[in-house]
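A closer look at the structure
So you can see what is in the structure, the chains are spelled out below.
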Amino acid sequence: MAAENKITLEAGIHKLSGLLLGVMVLFALFFNLSLSWRAYGEVPLREAASRSLMAAGSGYFYDSGLAEPLPVFALKAAILAGAGPDAAVRAEGLAVFTAITVLTLVLLLRRYGVTAGLMGALLVAANPYLGYYAVQGDTHIFALFFLLLFWHYFDPEKITPRRAAWAGLYGGLACLSRLDSAWFLLLSAGMFAALHFRAFNYKAAGLSLGLALLLVSPYLAWQRAHYKNAFYAQELSLRRWANLDRYRHNAPGPVTTAPLSVAGFIFRDGPAGALRGAFSGLGRSLSYEVPRVIYYKAAVVLVFLGFYAAFVLKKDALLVFSAAAFLPVLAFAPIDEIASIGGITLRYYLWPLWAFCALAGVGFQEALNWGDRRVDEWLEKKAGAGPAKQG
C-alpha cells in the first residue's frame, strides 16, 4: 500500500512539474516574441535588407538573385498577399522561431522524454538571440527549422526509404534556405555512418542526400546560367570573408572581389594556416561566443551534464547534431567580423545553440532522474533501518 501511494505521489509530482514547465515555455515564448518585436522591430535589417529587392525581381521560385530561393519566395508570397516587405520579413522570422520552439518540444519529447523536451523548449523559447535574429529575418532561422526535421528523419537506427525521402525533402529545403546547410547534411551522414557503420542503411542515406541534391540542382543551374558559376553568391561571400580576415576593416585600397572557392578560402594561408585558424576559432568559440549565445549561466552547467549523459547513455544523435552544426563555424570563428570586440556575429552559432539547449534539457532530465534514485535509495535504507532498531 505504501509503495502504491509512493508511486501515485511521484506520478502526481511529475505531472505537476511538467505542467509548470509547459506554462513556463508558453510564457517565455510569448514574452520573447513580444519583447523582440518591440525592442528590435525598428532596428534596420541586415542580412535580409536586400531580400525585398530579390523578391521584386523574382519571376519564379529558383530565380532569387544573390540569395537562396526559399526566404525570397516566402517574402514574395507575403508581398503578393498585401504585406509590407519590412514587416513581412520580421513576422516570418518570428513565425519560424515559434515553429522551431514547438518542434523542439515534440522532437525531444519523443526521443528523450517529457522533461527533456520541456526544458529544451524553454531554453529555446527564452533565448534573446533567437528572438533578435528572428525579428531580423535571418536565414539561419529558416534553415534551422528544416535541419531539425532532416535530423529527425535521418535516424540511423530507424531510417527507411520513406523516412529517407522525408529527410531528403527537408534537407533540400534547408539548403534552399542557406546553401551552407549542405555541410550539416554531409557531416551528419558521415558521422552517423562512422558510428553505426554496420547497421547504417547506406542506400536509404544515399536516397536522402540524392533527393536533397535534386531539389537544390535547379538553383545551382540558375546561378550557373546567370553568373557562369553554380556557387557564385556563396563564393562571393567567401571572398568578402577572406578580405575581412586579411585587411580587417582597414583595406588599403581596391581589393580582389572575384569569387573564392571553398578550398581557396580554407587554405588561403596554407594547410598550416587552416589548422591554426581552426584551433584558434575553437578556443575563442568555447571561451567567449558559446557561453554568450547560451546566455543563461545555469544552462551552461546543464549543457555539460547533457554532454556527459549523451556519452554515457550513448545518445549520439544530439552529439552528431552538435558537431555537424559547430564544426563549419570554426572556419569563420577566428575572423574579426565585429570591429569593436572581434569575433563573428552570433547568428552563426544559432544551429549549435539549438543543440546546446537540447543537451541542457537532457542534462536537466538526467539530473532529476539521478536525484530521484538517490532519494529512493535513502528512503529504502531508512525504512530498512527502522525495523532493525526496533529489534
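Look up: the structure comes first, before these words.
Here is a short report on the structure shown in this document. Since the structure is predicted, the reported quantities are computational estimates derived from the model, not experimental observations.

1. Comments concerning the environment of Val-301
By the element assignment, Val-301 lies in helix 14 (residues 297-312). Separated by 62 residues in the primary sequence, Val-301 and Gly-363 have C-alpha atoms spaced 8.6 Å apart.

2. Description of the nonpolar core
In terms of nonpolar packing, the biggest core is built from 106 residues, with Trp-151, Phe-154, Phe-321, Tyr-349 and Trp-354 touching the most fellow members. Residue contributions to this core peak at 11 residues, all from helix 16 (residues 350-390). Here Tyr-349 is in contact with Ser-285, Glu-289, Val-290, Val-293, Phe-326, Val-329, Ala-333 and Ile-344, once residues within four sequence places are set aside. Of all hydrophobic cores here, the second largest spans 9 residues; its members include Ala-55, Leu-75, Ala-88 and Val-89.

3. Focus on the packing of helix 4 (residues 85-112) against helix 7 (residues 139-153)
It is the contact of helix 4 with helix 7, at a shortest axis distance of 9 Å, that shows an interaxial angle of 20°. With respect to helix 7, the axis of helix 4 lies roughly parallel. In this structure, helix 4 crosses over helix 7, and the sense of that crossing is left-handed. Between helix 4 and helix 7, the residues in contact are Glu-92, Gly-93, Val-96, Phe-97, Ala-99, Ile-100, Leu-103, Thr-104, Leu-107, Arg-110, Arg-111 and Tyr-112 and Ile-141, Phe-142, Leu-144, Phe-145, Leu-148, Leu-149, Trp-151 and His-152, respectively.

4. Details of the pattern of salt bridges
Here the structure, examined in full by the defined rule, presents 12 salt bridges. For Glu-47, the salt bridge identified is with Arg-51, shortest N-O distance 3.9 Å. The exposure class of Arg-51 is buried, given its relative accessible area of 6%. Residue Arg-284 pairs with Glu-289 through a salt bridge whose shortest N-O separation is 2.9 Å. Given the relative accessible area of 1%, Glu-289 is considered buried. Linked by salt bridges that have partners in common, Glu-47, Arg-51, Asp-138, Arg-178, Asp-180 and Arg-347 make up one network.

What counts, and at which threshold
Residues numbered from 1 in each chain as written. Predicted model: local features only at pLDDT ≥ 70, side-chain atom pairs only at ≥ 80, totals over all residues. Heavy atoms only, no water. Helix = DSSP H or I, 4+ residues; strand = E, 2+ residues; numbered from the N terminus. Core = buried A, V, L, I, M, F, W, Y, C linked by side-chain atoms within 4.5 Å. Buried < 20%, exposed > 50% of the residue type's maximum accessible area, 1.4 Å probe, protein only. Contact = heavy atoms within 4.5 Å. Axes fitted to C-alpha atoms, helices over the stretch in contact; angles between N-to-C directions. Parallel < 35°, antiparallel > 145°, perpendicular 65-115°, else oblique. Left-handed = near helix turned anticlockwise from the far one by under 90°. Salt bridge = Lys/Arg side-chain N within 4 Å of Asp/Glu carboxyl O.

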